[in-house]
Amino acid sequence: MTVNMTKGQAISLQKNDGGTLTAVRMGLGWQAAPRRGLFGSRTREIDLDASAVLFADKQPVDVVFFRHLVSDDGSVRHTGDNLVGGVGQGGDDEAILVDLQRIPVHIDQIVFTVNSFTGQTFQEVQNAFCRLVDETNGQELARYTLAGGGQYTAQIMAKVHRAGAGWQMTALGTPANGRTFQDLMPAILPHL
Amino acid sequence: MTAELVRGQNHSLSQVRLEVRVSAGKPIVAGATLSDEQGKVRGVEWVAHPGAPTLPGLEVSKQAAADHRLAFDLDALPETVHRVSVLLALPSGVGGPVRFGAVAAPFVAVTGLDGSEVASYTITGLDAESAVVALELYRRQGAWKVRAVGQGYAGGLAELLTDQGLPEAQQLAGSINEAVVQGLARSVAAPPPRTPDGDRSRQAATSAPGPDQPYTGPQGSAGHVAPAPLSSSPYDAAGPQGTTAPQGSPAPDPSAVTQPAAPTAGDPINYSHPGRQTAAPPPPPPTAPPAPPGQPAQPVAGDATGWSMEERLYNQVWGMFEDLARTAAAYRSAVDFADSRMEQELDKVLSDPRSRIGGQGDAAREAAQAKHAQLVDQARAALDRDLAQLTAEADVVEPALPAAYARWDNPVWHGYRVPMEIPMALRLGDLHLPESEGLSIPMLVRLPLERGLWIDSGRAGLDGSLVDSDEVRRLAMDTAVAHAARLLAVYPAGEFTVHVIDPAGSGASSLMPLVQSGVLDGPPAAGAAGVADVLARLTQRVDLVQMAMRGGAADSLPPGFDTAEQLLIVNDFPHGFDDRAVTQLRYLADEGPAVGVHLMMVADREDAAAYGPLLDPLWRSLLRLTPVPDDHLADPWVGHAWTYEPALVPAGSQVLQQVLAQVAAARRPWNR
């Protein structure tokens, strides 16, 4: 069962049967909005990038993005940069795999962000979404739609944080501006 | 007019002098067997193959090629011969395809001497087979006919020849392949087989350098935030392809055997072989049995991807290496964080004037320390859990390793036999971290070597335990000899040649095992004249092979040219080297590896200090190893400093001498 999340909503990653999730995937998918003009077939390519920042007590410890695809401890893995989107036709164009059991003990929050590397705002992006999938069975846990993002080039999507013995996900959906995650750090800090 | 035959169809031949043309798109071996009335091949002298290309009445090519023309004079065949089978096979052990399913369907045509086609046949439907009987020419009532057969064998030539009743099938298949590999080695010269995908074994989604260029050493950056190759999704890394041949035919699956229909009069003959498999995927990797809930799975050796057990073990070792690097990174990161947090909290306590009154400050301090201890304990518990898992895995993997990957004290070395194929990789030593005392990861480097080796005989960087520089030099030379012996042992006979430059003779005692067993190309070169001579020969060789490769004339290397890989061990550099010799050595270091000439320097960098920074690029281009444990190697993922321990022969063990004796005995027939 998919939860369509709204801004600020939090869901627990406890399974229905009481077990805890062991591995989740944060998927990002988008398509470039078709451009009308002299050369109608020439849609301008949009490169969105998904990043995950690992925090220990509000200090960034590690980051997983297209230039550092695996966190040093190996628990968070990016499946690789996609420069144009739309290949999945509704599937994930970029994905970040998180092995919740292997995350180092001091990491207590992971923040997922999306940036427009090529600089277009989210108004020019079609069908953009971000979703959280239980990697063990492929079931979609939560979906968050980016459309109508307005004049922004980045969005702080969600955070996964420790809650008791397990993990919890909170949808943030805060718009921001920046080319890579580094530009977003000031915007992320209030959400920790 | 050409008859396009289908499988099983026959066609009468009006001529007795014929050619059979074969084209396959990839180099294949073509041969022919003669058989008597019972369909039995009477002996090896009835098989025409690249090693013995001519028989009375027929001739086949001397080497593997994409196109063949086999000449037949059927009248000149012995009277007892009733059938000639034309067979095709894929050469194994040269890095090419190992199953006909991976190449274009072979096409064979019987033509007259003027080139006019009499009959043709395209062999379709082949999959895992690596050898196939393409055609049969057979006597029928005094005339000759041709039949399209297309019978494939997943077990290769050995199985094909066995099927034809040849008792020495296994040996003959081996010697055919050897002849082919020799021919191929000559025609493509160096470098030996390496597929572009071979490097991808274990680097799916990492932005760090792959396992083939890992040891950047402290001087190189560890690739921490190196620009990632774009779109390096692990899902499109379909695994290493064709790096090694899936050796050994898979266990026959009874359900995959086609029904052997007994041929009855009138029925079309069923050519399917009773032992034939319809498809033979590589045997599934051994997987760990399902673990009881709540416990980690029991480790199993070879529990990784790969086409062969060797490749699986290689990938498993690299997997363990990466896991250990990452689990240590998690632990260190957690401890660092705990330290810095405690420091901050203690600072806060100290700077707060209220805490100076009463016990408040002490309580805050204790709380901070307790928080620190708790986090460190948690991190330690996670590390211990992972280390236990990896140690259990190492305990099952280590004994299962083949000789090239094994320690010298592994029993596999006592059962050593000279191999037929070059292994994927070679163990140069062990790696461990301060956190992982008692757990070592084999350090495997791919073969053929991509960079030269430098055994550092200098004292720089070592702790004070070994102050005697002569002792370090002796140990360095011992290490070099152990590595060289291992290289000699894991290459097939005659495919690896070692030269030694020992200008002052100072390494004589260490070199004794190599010299006495007779595995060296010649006695160690001494003096400036010896240095110049060896370097001139190797330089000429590199130049020659490069010219041949660039000119596309790899076939025209001079007769008697030694196609083996060459290793040059240089002791006491730069003693005995003039400027010209140093330049030649640098040329070999730069250009040699690509054409099969490798360098092993046993040197103290300080000795060459007079050259200033000019030699820095040379030292950097070599993989630095030490004769004693030293932490100078970095992993490709996180960049920890790993302690390297060389693979040395245990004191008092004769295993090195025994192995070298076997190598020397196997090389004698090659006269090298």
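Residues numbered from 1 in each chain as written. Chains lettered and ligands numbered in written order. Predicted model: local features only at pLDDT ≥ 70, side-chain atom pairs only at ≥ 80, totals over all residues. Heavy atoms only, no water.

Novice: Just to check I follow, could you spell out the sheet that holds strand β17 (residues 565-571) of chain B for this structure?
Specialist: Two orientations exist for strands paired in a sheet by backbone hydrogen bonds: parallel and antiparallel. Residues and elements named next belong to chain B. Within the open sheet, the five strands sit side by side as β16-β17-β18-β15-β19. Their pairing is parallel. In the strand order of this sheet, the two ends are held by β16 (496-501) and β19 (623-625), each with one partner. Taken pair by pair, the neighbouring strands of this sheet meet at an average axis angle of 20°, ignoring direction. Taken strand by strand, helix α5 (residues 469-490) contacts β15 (453-456), β16, β17, β18 (597-603) and β19, and its axis lies near 160° from that of β18. Helix α8 (residues 579-591) contacts β17 and β18 of the sheet and is inclined by roughly 125° relative to β18. (Pairing = 2+ DSSP bridges. Helix = DSSP H or I, 4+ residues; strand = E, 2+ residues; numbered from the N terminus. Axes fitted to C-alpha atoms, helices over the stretch in contact; angles between N-to-C directions. Contact = heavy atoms within 4.5 Å.)

Novice: What exactly am I supposed to notice about the confidence of the model for chain B here?
Specialist: Detailed reading of the predicted coordinates is not advisable wherever pLDDT falls low. All names here are of chain B. Scored by pLDDT, chain B comes out at a mean of 80, with 80% of its residues at no less than 70. Predicted confidence for residues 187-266 stays below pLDDT 50, and this span has 164 contacts to residues more than four positions away or in other chains. Under a pLDDT of 50 for its full length, residues 277-282 has, in the predicted model, 15 contacts with residues more than four places off or in other chains. Both scores are given for the predicted complex: the pTM is 0.65, the ipTM 0.85. (pLDDT = per-residue confidence, 0-100.)

Novice: Would you mind showing me how to read the pattern of salt bridges here?
Specialist: Side-chain pairs of opposite charge can arise whenever the charged atoms involved come near each other. For the structure shown, the criterion picks out 32 salt bridges over all chains. Among the ionic pairs, R102 of chain A bridges to D386 of chain B, the shortest N-O distance being 2.9 Å. Remark: D386 of chain B occurs in helix α4 (residues 360-400) and R102 of chain A occurs in the loop between β7 (94-99) and β8 (109-116); the pair is interchain, linking two chains. Owing to a relative accessible area of 32%, R102 of chain A belongs among the partly exposed residues under this scheme. Residue D386 of chain B is classed as buried on the basis of its relative accessible area, which comes to 10%. Between R380 of chain B and D384 of chain B there is a salt bridge, and its shortest N-O distance comes to 3.2 Å. (Salt bridge = Lys/Arg side-chain N within 4 Å of Asp/Glu carboxyl O. Buried < 20%, exposed > 50% of the residue type's maximum accessible area, 1.4 Å probe, protein only.)

Novice: Explain unusual backbone geometry here, please?
Specialist: Leaving glycine aside, a negative phi is the common case for residues, and trans is the common case for peptide bonds. Put simply, L447 of chain B and P448 of chain B share a cis peptide bond, and its omega is -5°. Tracing the sequence through the fold places P448 of chain B in the loop between β14 (441-446) and β15. One non-glycine residue, D57 of chain A, adopts positive backbone phi at about 50°. Following the sequence through the fold, D57 of chain A ends up in the loop between β4 (48-56) and β5 (59-64). Even without being glycine, D572 of chain B reaches a positive phi, approximately 65°. Note on placement: D572 of chain B falls in the loop between β17 and α8. Using a relative accessible area of 17% as the deciding quantity, one classes D572 of chain B as buried.

Novice: Is there a simple way to think about the packing of aromatic side chains in this case?
Specialist: Geometry of an aromatic ring pair is reported as the spacing of the ring centres plus the angle between the planes. Following the criterion strictly, the structure yields 15 aromatic pairs over all chains and no others. Between F65 of chain A and F66 of chain A the ring centres are 5.3 Å apart and the planes differ by 70°, which places this aromatic pair in the edge-to-face class. Here F65 of chain A matches F66 of chain A in class, with each residue buried. Aromatic side chains F321 of chain B and W642 of chain B sit 4.8 Å apart centroid to centroid with 80° between the ring planes, which places their arrangement in the edge-to-face category. Of this pair, F321 of chain B sits in helix α3 (residues 309-351) while W642 of chain B sits in strand β21 (residues 641-646), and the two are 321 residues apart along the sequence. On the basis of relative accessibility, which here comes to 1%, the residue W642 of chain B falls in the buried class. (Phe/Tyr/Trp six-rings, centres within 6.5 Å; stacked < 30°, edge-to-face > 60°.)

Novice: Would you mind showing me how to read the pairing of β21 of chain B here?
Specialist: Every other side chain in a regular strand lies on the same face of the sheet, so the side chains alternate between the two faces. All names here are of chain B. Of the strand pairs in this sheet, strand β13 (residues 425-432) and β21 are connected by four bridges, and their pairing is antiparallel. Looking across to β21, one finds that G429 is bridged to P646. Where strand β20 (residues 630-634) and β21 come together, four bridges link them in antiparallel fashion. Bridge pairing in β21 links D631 to T643.

Novice: Looking at this model, I keep getting lost on a negative patch on the surface. Mind explaining?
Specialist: Taken together, the side chains of D336, D339, E343 and D347 of chain B present a region of like negative charge at the surface. With respect to the helices and strands, E343 of chain B occurs in helix α3. (Patch = residues over 30% accessible without salt bridge, like charges linked within 9 Å, V, L, I, M, F, W, Y side chains within 5 Å. Areas by Shrake-Rupley, 256 points an atom, 1.4 Å probe, with all protein chains shown as cover. Lys, Arg positive; Asp, Glu negative; His and termini not counted. Charge placed at Lys NZ, Arg CZ, Asp CG, Glu CD.)

Novice: Explain the environment of A330 of chain B to me, please; I cannot follow it from the model alone.
Specialist: Within the element layout of this structure, A330 of chain B appears in helix α3. For A330 of chain B and A379 of chain B, which are 49 residues apart along the polypeptide, the C-alpha to C-alpha distance reads 7.9 Å. Aside from chain neighbours lying at most four places away, what touches A330 of chain B is D73, P104 and H106 of chain A.

Novice: So what exactly am I meant to see when it comes to the sheet that holds β8 of chain A here?
Specialist: Residues and elements named next belong to chain A. Strand order across the open sheet formed by six strands is β2-β12-β11-β8-β4-β5, with antiparallel pairing between neighbours. Because the sheet does not close on itself, it has two edges, and the strands there are β2 (10-12) and β5. Between one strand axis and the next, the sheet turns through 20° on average, direction left out of account.

Novice: How do you make sense of the nonpolar core when you look at a structure like this?
Specialist: Grouped burial of nonpolar side chains is what soluble globular proteins tend to show. If you look at the biggest cluster of nonpolar residues, it comprises 85 residues, and the most contacted ones within it are Y405, W413, L428, M443, L514 and I569 of chain B. Among the nonpolar cores identified, the runner-up in size contains 61 residues, and A30, W46, F100 and I123 of chain B belong to it. (Core = buried A, V, L, I, M, F, W, Y, C linked by side-chain atoms within 4.5 Å.)

Novice: What is the right way to read the packing of α5 of chain B against helix α6 (residues 508-517) of chain B from this model?
Specialist: If you want to describe how two helices pack, look at the angle between their axes and the distance between the axes. Residues and elements named next belong to chain B. Between α5 and α6, the shortest axis-to-axis distance is 8 Å and the interhelical angle comes to 15°. The orientation of α5 with respect to α6, classified from their angle, is roughly parallel. Here the hand of the crossing between α5 and α6 comes out right-handed. Across the interface between the two elements, R474, M477, D478, V481, A484 and L488 from α5 touch S510, L511, P513 and L514 from α6. (Parallel < 35°, antiparallel > 145°, perpendicular 65-115°, else oblique. Left-handed = near helix turned anticlockwise from the far one by under 90°.)

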